[in-house]
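# A look at the structure
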Amino acid sequence: MKRILTNLLLVLLVTSAWAQRTSAISQLQTDPRKAYGMDYPYSLNTAPLTKAPDGYVPFYVSHYGRHGSRYYWTDKLYRELDTLLTDAHNRHNLTAEGEAFYERYMAVKDELLTGMGELTQLGWNQHQGIARAMYDNFPEVFNHGGYVSAVSSLSGRCVISMSAFCLALMQRNPAIDIREQSSRFTLDGVVPMDRQNPVKHHYPKVRPNYEKNRDQFSCHDQLRRKAVERVFVNTDSLHANLHHTGSNLINLYTSLPSIGHEGLMGNIITDAELVDEWETSNLGSYSWVFAPQYEMIPILEDFIRKADAVIDGSSNHLADLRFGHDNCLGPLTVLMGINGADRNPDDPNEVKDCYQNWETCKASNLQLVLYRSARAADDVLVKCLLNGEEAVLPVPTDSYPYYKWADFRSFYKKRCESVSTQ
């Protein structure tokens, strides 16, 4: 009975910590651009961190970061809009607002097509800022120098994000020795589902429970049509699907802050309208990150394996840094149940309370910080930061936001081992 009561108390403590997080709707009211979801450009978090328990000192950081702000990931968006706008302009099928948008778009079209998929200056700045914050938050880890490993996907924007981050660390302390690598040899711990990964996995994909109850959700999805009607006089004459064209306009709009072209679209779309439809888009995002969560097991196992090596002394790493993509970090937050992302509610109206797609924004990042007791070398705690904020894990603890490494390790090893490959 005593053990049951103790476990119940631990669960209540974690649940209370989760419940104290600011609601999704309140966050949108404070910062409407969070409605951009995964296109939200990372804003450096300066929230104060909870002091470690007496006698515990940070000694190691394990990290996964999405690349920073970039141009749109494919030139298909830019080319389709170019063709559609040019055709409508030639046929006098643009509204006054659409014509103004056309003129501005043509002025920057070559830049957009050239930059497609590449990291922008903002993306570089984001990773420099995150690295400086990591150093300043945990100086005990870095101030004596030492070895850091950094690996990235094979994508150029991830490689440059890694370089920005590592340069900022070395600027803080030239005694830090960093080995940067973008290689097929390290893909399994960064982008395990990459076709070039020599290690092949076959994990099952899963559907979130809410999908079978979609009819319980009042869908708000009118902005695509509104946006198209604001640009084109006669939408029936368009040589493209209206829904697809509207999606292209929204995707362009939400990408503009990342490339320094806010205002390009005038009032064709507004932040307020995106806020009104955010919950609908967030449901789609949840399905997208939920389905491949088990494919991220190699990343989580890499976190555990490398931390174990540092703890037992077989590794001298101060930090292990990984630079990848939203299609890894988003599912990883679900796999780990960060801030309740694994709750998998039946009611679609509850999804917003367990996952918010702006948490997988440009330059979003996960940090596991390990602390060692001065009294016993094997007494290790771990804290999880998501985008600079202390996060709640589904691991029992009586000292949130700190968790015993042994409990963390046991919990997630069991979670990984419970999934059968196909």
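So, a few notes on the structure that sits alongside this text. Every residue gets a number counted from 1 within its own chain, in the order that chain's sequence is written. Per-residue local features are limited, in this predicted model, to residues with pLDDT of at least 70; the limit for side-chain atom pairs, both in listing and counting, is 80 or more; totals at the level of whole chains, interfaces and linings are taken over all residues. With hydrogens and water stripped out, all remaining heavy atoms of the structure feed into the side-chain values.

Attention now moves to the side chain of Glu279. With respect to the helices and strands, Glu279 occurs in helix 11 (residues 278-290). Burial classes follow relative accessibility: with a 1.4 Å probe on protein chains only, a residue under 20% of its type's maximum area counts as buried, one over 50% as exposed, and anything between as partly exposed. The exposure class of Glu279 is buried, given its relative accessible area of 19%. N or O atoms within 3.5 Å of each other form a polar contact, as long as, within protein, one can give a hydrogen and the other can take it, and as long as residues adjacent in sequence are counted only when both atoms are side-chain atoms. At a separation of 3.4 Å, a polar atom in the side chain of Glu279 contacts the side chain of Lys352. The contact rule is simple, with two residues in contact once any of their heavy atoms fall within 4.5 Å. Those residues in contact with Glu279 that sit more than four places away from it in its chain are Phe217, Pro348, Asn349 and Lys352. Each helix corresponds to a stretch of at least 4 residues labelled H or I by DSSP, and each strand to a stretch of at least 2 residues labelled E; elements are numbered beginning at the N terminus.

With that settled, consider unusual backbone geometry. Following Tyr400, the chain continues into Pro401 via a peptide bond in cis, with omega recorded as 10 degrees. Along the chain, Pro401 turns up in the loop between strand 7 (389-390) and strand 8 (402-404). Located in the positive-phi region is Asn344, a residue other than glycine, with phi close to 55 degrees. Position of Asn344 relative to the elements: it lies in the loop between helix 13 (326-336) and strand 5 (365-373).

This part takes up the nonpolar core. The criterion is simple. A nonpolar core is a set of buried Ala, Val, Leu, Ile, Met, Phe, Trp, Tyr and Cys residues joined through side-chain atoms within 4.5 Å. Phe142, Leu252, Ile269 and Leu321 are the most contacted members of the largest nonpolar core, which totals 69 residues. Residue contacts for Phe142: discarding those within four places in its chain leaves Val61, Met134, Tyr135, Val148, Asn173, Ile176, Leu318 and Ala319. Grouped together as the second largest cluster of nonpolar side chains are 39 residues, Leu300, Phe303, Leu370 and Val380 included.

Moving on, we come to the pairing of strand 4 (residues 317-324). The buried count for strand 4 comes to eight of eight residues, which makes it a mostly enclosed element. Two strands pair under a simple rule: DSSP has to find at least two bridges between them. Where strand 1 (residues 56-66) and strand 4 come together, six bridges link them in parallel fashion. Within strand 4, the residue paired with Val61 across the bridge is Ala319. Both strand 2 (residues 146-152) and strand 4 contribute to a ladder of six bridges, which runs parallel.

So, about the packing of aromatic side chains. Pairing of aromatic side chains requires ring centres within 6.5 Å, counting the rings of Phe and Tyr and the six-membered ring of Trp. Pairs whose planes differ by under 30 degrees are stacked, by over 60 edge-to-face, and all others tilted. Counted under the stated rule, the structure contains 15 aromatic pairs. Relative to Tyr286, the ring of Tyr210 lies with its centre 6.5 Å away and its plane at 40 degrees, an arrangement referred to as tilted. A residue pair is termed long-range when its members are at least 10 positions apart, and Tyr210 in the loop between strand 3 (176-182) and helix 8 (223-231) and Tyr286 in helix 11 qualify at 76 residues. Tyr286 matches Tyr210 in its accessibility class, with the two residues each being buried. Ring centres of Tyr400 and Tyr403 lie 6.4 Å apart, and the angle between their planes is 85 degrees; this geometry places the pair in the edge-to-face category. With relative accessibility at 28%, the residue Tyr400 sits in the partly exposed group. The class for Tyr403 is buried, based on a relative accessible area of 0%. The rings of Tyr210, Tyr286, Phe290 and Tyr355 are connected pair by pair, giving a single aromatic cluster. Stacked on the ring of Phe303, the Lys or Arg Arg322 has its end atom at 4.0 Å from the ring centre. Criterion for a charge above a ring: Arg CZ or Lys NZ at most 6 Å from the ring centre, at most 35 degrees from the ring normal.

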